[in-house]
Number of protein chains: 2
Amino acid sequence: MKLRIGRLAGETGCHVETIRFYERIGVLPPAARESNNYRVYSDSHRRRLLYIRRMRDLGFSLDEVRTLLRMIGGDAYTCAEVQALGQEHLDAVRNKIADLRRVENALDDLVGRCTGADTPDCSMLEALFEMPRE
Amino acid sequence: MKLRIGRLAGETGCHVETIRFYERIGVLPPAARESNNYRVYSDSHRRRLLYIRRMRDLGFSLDEVRTLLRMIGGDAYTCAEVQALGQEHLDAVRNKIADLRRVENALDDLVGRCTGADTPDCSMLEALFEMPRE
DNA sequence: ATAGACCCTGTAGTCACTAGAGGGTCAACA
DNA sequence: TGTTGACCCTCTAGTGACTACAGGGTCTAT
Ligand SMILES: [Zn+2]
Ligand SMILES: [Zn+2]
Ligand SMILES: [Zn+2]
Ligand SMILES: [Zn+2]
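In this text, all values refer to a predicted model and were calculated from it rather than measured experimentally.

Q: Quick rundown of the coordination of the zinc ion (ligand 4)? Include the residues and the values.
A: Within the protein, C79(A) (SG), C114(B) (SG) and C122(B) (SG) serve as the donor atoms for the zinc ion (ligand 4), at 2.2 Å. A relative accessible area of 9% means that C114(B) is categorised as buried.

In structure tokens:
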């Protein structure tokens with residue numbers, strides 16, 4: 001029921017420092033304190049932290065997390081707004097994947113030129129020198 | 001032949017500040033100076049900068065760039081070493097792509113749950129609250 | 001009494017830039 | 001001649017999302 005920061009970290013799979021960091025920047029509400037000034041957490045904190053971590057796992061920025069938390073907290077949101085936010089982020093992820101695939105192809109091509117020999121002439125390096133930009 | 005920082009930036013597609021930054025951290029050798037203290041660049045600087053930018057476009061870190069520049073400069077490298085560096089980076093890129101595709105699938109699933117209605121009940125948010133981690 | 005596992009605050013470091021303050025230099029134009 | 005504007009300079013601080021100390025306090029067990 002009540003747990004200290006180390007146990008909360010263990011149960012949510014994130015570092016103690018990260019929890020304190022989230023409190024400092026305001027995405028987690030301040031924890032209650034024991035008489036020795038140790039933080040104590042309840043189940044609602046644990047749920048909220050898990051929620052934050054799941055959003056972070058999906059690549060949402062802390063700003064986006066804050067936005068969604070505000071929407072939920074105030075109950076002043078619509079499914080359409082949430083969907084728009086999700087779709088926008090999904091588009092960003094897809095763009096990043098496309099970028100990385102272009103990089104992957106270029107790199108694959110470059111590495112493929114290497115003979116792997118123990119000599120100081122490397123066609124990958126030469127190709128890099130002559131490659132056009134962008 | 002001789003060009004100032006603004007023109008070098010224009011020709012290489014990078015910002016003036018970035019060039020000064022590269023000089024400060026030592027990936028670009030210090031430029032010569034005019035009597036008014038303005039930096040002057042020659043063709044070898046331009047080639048080196050283009051080379052750096054191409055590596056950065058491929059996602060190599062500045063540390064990796066430094067390593068490769070050192071190898072080339074000293075001529076004390078083998079094709080096999082270069083290939084290993086390239087392959088390692090390619091593997092990292094592929095891992096990142098795989099991560100992002102998992103994220104893409106999860107997000108696609110979540111966004112697909114939304115009805116897009118103007119009401120404050122959203123199955124994406126609910127699913128997020130119940131999702132397992134990792 | 002002392003070791004070890006916790007906890008606290010506060011600051012600084014990471015990466016690769018980017019932005020800004022506060023100034024100097026130079027050519028052209030009125 | 002004065003002034004506008006495009007350049008250039010240095011130095012510092014900010015970005016995101018943590019992470020790593022430094023330098024302490026607290027609590028339990030041996
Ligand atoms: Zn996003
Ligand atoms: Zn090679
Ligand atoms: Zn790499
Ligand atoms: Zn919805």
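Q: A description of the domain arrangement of chain A should follow, citing residues and the corresponding values.
A: Looking at chain A, the domain boundaries give domain 1 (5-58) and domain 2 (86-130). The straight-line distance from the C-alpha centre of domain 1 of chain A to that of domain 2 of chain A is 39 Å.

Q: Lay out the coordination of the zinc ion (ligand 3) in plain terms, naming residues and giving numbers.
A: All names here are of chain B. At 2.1 to 2.5 Å from the zinc ion (ligand 3) lie its protein donor atoms, namely E64 (OE), E64 (OE) and H89 (ND1). Of this pair, E64 sits in helix α4 (residues 62-74) while H89 sits in helix α5 (residues 79-113), and the two are 25 residues apart along the sequence. Using a relative accessible area of 22% as the deciding quantity, one classes E64 as partly exposed.

Q: I'd like to hear about the side chain of R54(B), residue by residue, with values.
A: Structurally, R54(B) can be placed in helix α3 (residues 43-57). For the buried R54(B), no salt bridge exists, and the shortest N-O distance to an oppositely charged side chain is 7.5 Å, to D57(B).

Q: I'd like to hear about the relation of the copies chain B and chain A, residue by residue, with values.
A: Once chain B is rotated about the relating axis by 180 degrees and shifted along it by 0.0 Å, it coincides with chain A to within an RMSD of 0.2 Å. The symmetry that links the two subunits is that of a two-fold axis. In terms of proximity to the rotation axis, the leading residue of chain B is I97(B), whose C-alpha is 3.0 Å off the axis. Same-surface contact between copies: 100% of interface residues of chain B are shared with the interface of chain A.

Q: Explain the interface of chain B and chain A to me, and be specific about the residues and the numbers.
A: Tallying the contact residues gives 54 residues for chain B and 54 residues for chain A. Taken over both partners, the interface formed by chain B and chain A buries close to 4,900 Å², and the fraction arising from carbon and sulfur atoms is 71%. Inspection of the chain B/chain A interface yields four salt bridges. Ionic pairing is found between R94(B) and D108(A), a salt bridge with its closest N-O pair at 3.5 Å. One can count 16 residue pairs in polar contact (both at pLDDT 80 or more) joining chain B with chain A. At the level of elements, α3, α4, α5 and α6 (123-130) of chain B are the ones that each hand at least two residues to the side of chain B that touches chain A. Element by element, the count of residues in the side of chain B that touches chain A is highest for α5(B), at 21 residues. By residue class, the composition of the side of chain B that touches chain A is 30 nonpolar, 10 polar and 14 charged.

Q: So, the packing of α3(B) against α4(B): which residues are in play, and what are the values?
A: Residue and element names in this part refer to chain B. For the pair α3 and α4, interaxial distance at closest approach is 10 Å and the crossing angle is 135 degrees. Classified by the interaxial angle, the pair formed by α3 and α4 is oblique. Handedness of the α3/α4 crossing: right-handed. The segment α3 lies against α4, with R48, Y51, I52, M55 and R56 engaging L62, V65, L68, L69 and I72. Among the residues making up the contact of α3 with α4, the classes are represented as eight nonpolar, no polar and two charged.

Definitions and cut-offs
- Residues numbered from 1 in each chain as written.
- Chains lettered and ligands numbered in written order.
- Predicted model: local features only at pLDDT ≥ 70, side-chain atom pairs only at ≥ 80, totals over all residues.
- Heavy atoms only, no water.
- Donors = N, O, S within 2.8 Å, 3.2 Å for Na, K, Ca; no water.
- Buried < 20%, exposed > 50% of the residue type's maximum accessible area, 1.4 Å probe, protein only.
- Domains from an automatic or database assignment.
- Helix = DSSP H or I, 4+ residues; strand = E, 2+ residues; numbered from the N terminus.
- Lys, Arg positive; Asp, Glu negative; His and termini not counted.
- Salt bridge = Lys/Arg side-chain N within 4 Å of Asp/Glu carboxyl O.
- Least-squares fit on C-alpha atoms with pLDDT ≥ 70 in both.
- Contact = heavy atoms within 4.5 Å.
- Buried area = accessible area lost by both parts, 1.4 Å probe.
- Polar contact = N/O pair within 3.5 Å; in protein donor to acceptor, adjacent residues only side chain to side chain.
- Nonpolar A, V, L, I, M, F, W, Y, C, P; charged D, E, K, R; others polar.
- Axes fitted to C-alpha atoms, helices over the stretch in contact; angles between N-to-C directions.
- Parallel < 35°, antiparallel > 145°, perpendicular 65-115°, else oblique.
- Left-handed = near helix turned anticlockwise from the far one by under 90°.

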